[in-house]
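Letter by letter, the chains look like this.
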Amino acid sequence: MRLTLHIWRQRNRNDRGRFVKYEINDVSPDMSFLEMLDVLNQRLIEHGEEPVAFEHDCREGICGCCGMVINGVANGPEKGTTVCQLHLRHFRDGDVIYIEPWRSRAFPAIKDLVVDRSALDRIMQAGGFISVRAGSAPEANTVLIPKETAELAMDAAGCIGCGACVASCPNGAAALFVAAKISHLGLLPQGQPERHRRARAMVRQMDREGFGACSNHRECEAVCPKRISIRFIALANRDFLKESLAPSEATSGKAKNAKK
Amino acid sequence: MNLAPKVPSGPLEEKWTRYRSTVKLVSPANKGNFTVIVVGTGLAGASAAATLADLGYNVLVFCFQDSARRAHSVAAQGGINAAKNYRNDGDSTMRLFSETVAGGDFRSREANVYRLAEISGGIIDQCVAQGVPFAREYSGYLANRSFGGSLVSRTFYCRGQTGQQLLLGAYSALCHQVTLGRVKVFARTEMLDLVVAGGRARGIVTRDLVTGRVEAHAADAVLLATGGYANVFFLSTNARGANATAIWRAYRRGAGFANPCFTQIHPTCIPQSGHYQSKLPLMSEALRNDGRVWVPKLKGDTRDPAEIPESERDYYLERMYPGYGNLAPRDIASRATKRVCDEGYGVGVSGRGVYLDLTGATARLGEDAVRERYGNLFEMYECITGEEPWKAPMRIYPAPHYTMGGLWVDYGLQSTIAGLFVLGEANFSDHGANRLGASALMQGLADGYFIIPYTLGEYFAGAILEKVSPADQKFTEAQKEVEDRVARLLSVQGRRTVDSFHRELGAVLWEHCGMSRDAAGLRAATGKIRALRGQFWEDVRVPGDAADLNQELEKAGRVADYLELGELMCRDALAREESCGCHFREEFQTTDGEAMRDDGRFCHVAVWEFAAEDREPARYVEPLTFEAVKPAERSYK
Ligand SMILES: Cc1cc2nc3c(=O)[nH]c(=O)nc-3n(C[C@H](O)[C@H](O)[C@H](O)COP(=O)(O)OP(=O)(O)OC[C@H]3O[C@@H](n4cnc5c(N)ncnc54)[C@H](O)[C@@H]3O)c2cc1C
Ligand code: FES
């Protein structure tokens, strides 16, 4: 196959960045998109140029490293796939492909296709957990969970934290990411005691990080590599609203702590 | 080299309880005076860091990914074992223990394995409490599936994403501790050396992967939970970034390296299809619950598998190992697969493939039931190959997957360097010469949640630790060495890419130190690797500079270490003149081609000590004794 690539090159945060055109004419349809970039990079190095920086690790769609925007679509044209799982057989010989990094206020640029997604970690740190000490857990089968509930929680828990939802949202909202975590833990009996304060702490942190507000564009759902449903946003909103109307003691304490 | 395993006295069943109830403790008020470095945020590292912080220690955590949540553990698919006996099918601590010892072909330490089995149930309790959404029955009780090498069903799972869910559990515990201020996470930061001062591990040297800044960090103890080194083969099932640098640098500073040649080749992976291929994705062993492995009875049969009638198929695992059938352990299944392919029965263009067939299960159970159990695995297969496993059997072939070898540790997980502890896949620990499926996740979490909190406390309670600072000479020297090495990698400016060296090394190891080994091949490989290492330092090209995100530079450092480790693997394989588990020496086999152990000469852990550059490393042994399970010929027939 022969492809024309326009790849976003940017040395570092201070560089303005630009698209650079590369022709590549001997790739196979069985290659993954990242393997094509590997081939390009090997060639660049051999010609004394700097390879394109991009993130990847597992190469099987689970670590959430490899996100990028391909022809204007986060994670590329195939629904429900990460870039590492996207194969060239979904492109046509002669295609022109534009490749650029996630672009969002909350994800500062680092280099080429690599951005800083640590804001997502900080949201998790704000409340994305059940506080349980090693050693204090009860026997696992004492808490029964209906299969449907466990499956639904698992649907939400499947989020890989890639940030495609943010990159695709016209407002740069992280609503789907946050809702997936709030729902995963909020659906389970173990998650009940901290359910509302968790929702509130995570949403507050999301606002603080400069993510936009959700206005139901549904772009996030369309690009999510794990097909996480926006139904979870509605579910999480209920937890959040309930907490906003009647904040618990502990939450107000926690919020103060988080501020400092 | 002192290899005292420090196993507590008393009957096997009581050792751990006794240890825990008599171990020296650090007073709660004093814990905050200790700083612990944890390198790695996989299951072992994240669980250890969160638990130690919760106890009151100050914890500094490092990982090379952009987030702790992306550690390689996230990719584990099939499940985690625990001897809960929820199925009432005969499981018990004793059975999990004895199956694991036998599965490892009697090359692991009994007391460690027993403790692992004993702790396994508590891990599931802990994970459920954290909100890990394990698969459930309609009744609401936890569900189980079966894994290889066992006749009971004790594997807990979250669809085909068990590692992800367990890791998110440990990561969320870590997040909680970050908020409480007891953990500081350094993401995108790679450990490039260990600092040993006053005979104890007291710190590490790191490079910030974004700014290039090289820095030393001081602490009272260092924990390495940096995963395995299967990527030494270039093509493996591991995440691309997984590497041996942390443990290799520690080895060079004096930590003994145990059984480096014990590398697991997993039977069911997607075969290689092109030279550009960057990894060999795993198709979880869980698929062998419902899947059957076969090849055509006719050599070179190119018919569509659907057109090959039952009578013309050879279900070779069921034929050769009727007792366990498709659930034969990995080393055995891989070797059987290699054999049928070597004999010319393999399928696919290269002939390096066999069928893993779930079409029968789909017809029997319905597509929905199969999708629920393996949905994401099937999607992955379809994504990569463009073929639908619901309709046609998958093609699979063995690939490097896991490393049982690693840094030697005693019962307390302490290496031969005082104050250096090693957890998870990075240590040699519990799996002997072959790991059974669904037991790495179990081990990583056992080490992190339940073992290290006690054994590290004992170390602190019994040691007098002088104050150290990154300004001390040992630290500045180590830092200088790292800076020099980085500069040297950049200064070669030769003609070959880092990957080209890595591929070549991988090919040599796969050929001579892979599924079968012999003396002549291992000697040849040693020479080839040494020559390749020479070329690397003369001809490698690393573009860019050190003061920036430079992914080629990161890779170059890792490959330079692999070029040393690869040689040690061959040396270890050569010295072990027997076949056991994954280590199959052509010279040592039974008449029907099974591994022939030599318990008289090799019932031990081989531990290597680094000598100076270009001097031969020394080989020491820790003898293994078996009291509860007597070494017997493993039989899965
Ligand atoms: C595809 C696949 C599927 C698997 N499925 C299963 C399964 O179903 N059941 C099972 O029991 N096992 C399974 N395994 C094995 C299991 O996943 C691993 O053995 C286990 O997760 C290893 O965990 P760990 O915590 O030891 O290390 P890892 O998860 O590998 O984590 C290593 C950590 O160390 C960090 N690190 C490494 N080097 C450095 C450095 N120099 N500086 C800084 N940080 C560093 C990394 O950033 C990372 O955070 C599977 C393995 C693979 C490859
Ligand atoms: S590289 Fe892990 S999701 Fe793509």
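A quick note: this is a predicted structure, and the numbers were derived from the prediction, not measured.

A. Region of the structure containing the packing of helix H14 (residues 498-512) of chain B against helix H16 (residues 551-575) of chain B. Residues and elements named next belong to chain B. Their axes nearest at 10 Å, the elements H14 and H16 cross at an angle of 20 degrees. When the interaxial angle is binned, H14 and H16 end up roughly parallel. Crossing geometry of H14 relative to H16 is assigned as left-handed. For the pair H14 and H16, contact is made by Val498, Asp499, Phe501, His502, Leu505 and Leu509 and by Glu552, Lys555, Ala556, Val559, Tyr562, Leu563, Gly566, Met569 and Cys570, respectively. Looking at the contact of H14 with H16 residue by residue, the classes come out as 10 nonpolar, two polar and three charged.

B. Spatial organisation of the site of ligand 1. Ligand 1 sits among 39 residues. The nearest are B:Gln65, B:Ser73, B:Gly78, B:Met191 and B:Glu425. Nearby residues around ligand 1 are contributed by chains A and B. A distance of 3.2 Å separates a nitrogen atom of ligand 1 from a polar atom in the backbone of B:Gln77. Side-chain polar atom of B:Glu425 to an oxygen atom of ligand 1: 2.6 Å apart, as the coordinates give it. The pocket occupied by ligand 1, as judged from atoms lying within 2 Å of grid points, is the largest cavity. Elements represented by at least two residues in the shell around ligand 1 include exactly helix H3 (43-55), strand E6 (189-197), strand E15 (394-403) and helix H12 (440-462) of chain B. Considering each element in turn, the shell around ligand 1 owes the most residues, three residues, to E6(B). For the shell around ligand 1, a count of residues per class yields 17 nonpolar, 18 polar and four charged.

C. Main features of the pattern of salt bridges. Following the criterion strictly, the structure yields 77 salt bridges over all chains and no others. Here the residues in one salt-bridge network are B:Asp105, B:Arg107, B:Asp331, B:Arg576, B:Glu578, B:Arg597, B:Asp599 and B:Arg634, joined through shared partners.

D. The arrangement of the confidence of the model for chain B in detail. All names here are of chain B. Per-residue confidence for chain B averages 96 on the pLDDT scale, and 100% of its residues sit at or above 70. Per-element averaging of pLDDT across chain B places helix H11 (residues 367-385) at the bottom with 85 and strand E1 (residues 35-39) at the top with 99. The complex model carries a pTM of 0.97, and its ipTM stands at 0.95.

E. Looking closely at the environment of B:Val210. Note that B:Val210 resides in the loop between strand E7 (200-208) and strand E8 (214-218). Of the residues examined, B:Val210 reaches a relative accessible area of 24% and is grouped as partly exposed. As a C-alpha pair, B:Val210 and B:Ala546 span 336 residues in sequence and 9.6 Å in three-dimensional space. Those residues in contact with B:Val210 that sit more than four places away from it in its chain are A:Ile110, B:Arg188, B:Ala547, B:Asp548 and B:Leu549.

F. Region of interest: empty space enclosed by the protein. All names here are of chain B. All told, the structure shown has 14 cavities of 30 Å³ or more when counted by the stated rule. Roughly 830 Å³ of internal volume is contained in the largest cavity. Those elements that place two or more of their residues in the lining of the largest cavity are H3, E6, helix H7 (245-252), E15 and H12. Ranked by residues supplied to the lining of the largest cavity, first place goes to H12 with four residues.

G. Seen up close, the interface of chain A and chain B. Taken together, the contact between chain A and chain B spans 77 residues of the former and 74 residues of the latter. Carbon and sulfur atoms make up 52% of the area that chain A and chain B hide from each other, which totals about 6,200 Å². Counting every contact that joins chain A to chain B gives 10 salt bridges. Put simply, A:Glu139 and B:Lys84 hold a salt bridge, and the shortest N to O gap is 2.7 Å.

H. Inspection of the pairing of strand E11 (residues 263-269) of chain B at higher detail. Residue and element names in this part refer to chain B. Counting buried positions over the seven residues of E11 gives seven, a clear majority of the element. When E11 meets E15, the two strands line up antiparallel, connected through five bridges. Paired with His266 across the strands is Ala399, a residue of E15.

I. Representation of the domain arrangement of chain A. All names here are of chain A. Annotation of chain A at the domain level lists domain 1 (3-111) and domain 2 (118-245). Just the C-alpha atoms count here: the centres of domain 1 and domain 2 sit 29 Å apart. The interface is formed by 17 residues belonging to domain 1 together with 19 residues belonging to domain 2. Of the roughly 1,400 Å² buried between domain 1 and domain 2 on both sides combined, carbon and sulfur atoms contribute 58%. Area buried by domain 1 at its contact with domain 2 is led by Gly80, Ala106 and Phe107, which between them contribute 31% of it. At the junction of domain 1 with domain 2, the criterion picks out zero salt bridges. Across the domain 1-domain 2 interface, the total number found is three residue pairs in polar contact (both at pLDDT 80 or more).

J. Structural view of the sheet that holds E7(B). Residue and element names in this part refer to chain B. Across the sheet, three strands lie side by side as E6-E7-E8; this open sheet has antiparallel pairing. With one partner strand each, in any of the chains shown, E6 and E8 form the two edges of the open sheet. When the angles between neighbouring strand axes are averaged without regard to direction, this sheet yields 25 degrees. Across five bridges, E7 lies against E8 in antiparallel orientation. Bridging across to E8, Val205 finds its partner in Ala216.

Procedures and definitions
Residues numbered from 1 in each chain as written. Chains lettered and ligands numbered in written order. Predicted model: local features only at pLDDT ≥ 70, side-chain atom pairs only at ≥ 80, totals over all residues. Heavy atoms only, no water. Axes fitted to C-alpha atoms, helices over the stretch in contact; angles between N-to-C directions. Helix = DSSP H or I, 4+ residues; strand = E, 2+ residues; numbered from the N terminus. Parallel < 35°, antiparallel > 145°, perpendicular 65-115°, else oblique. Left-handed = near helix turned anticlockwise from the far one by under 90°. Contact = heavy atoms within 4.5 Å. Nonpolar A, V, L, I, M, F, W, Y, C, P; charged D, E, K, R; others polar. Near = heavy atom within 4 Å. Polar contact = N/O pair within 3.5 Å; in protein donor to acceptor, adjacent residues only side chain to side chain. 1 Å grid on protein atoms, 1.4 Å probe; cavity = no way out; pocket = protein on both sides within 12 Å on 5 of 7 lines; lining within 4 Å. Sits in = over half its atoms within 2 Å of the grid points. Salt bridge = Lys/Arg side-chain N within 4 Å of Asp/Glu carboxyl O. pLDDT = per-residue confidence, 0-100. Buried < 20%, exposed > 50% of the residue type's maximum accessible area, 1.4 Å probe, protein only. Points joined across faces, edges and corners; volume = space filled by probe spheres on them. Buried area = accessible area lost by both parts, 1.4 Å probe. Pairing = 2+ DSSP bridges. Domains from an automatic or database assignment.

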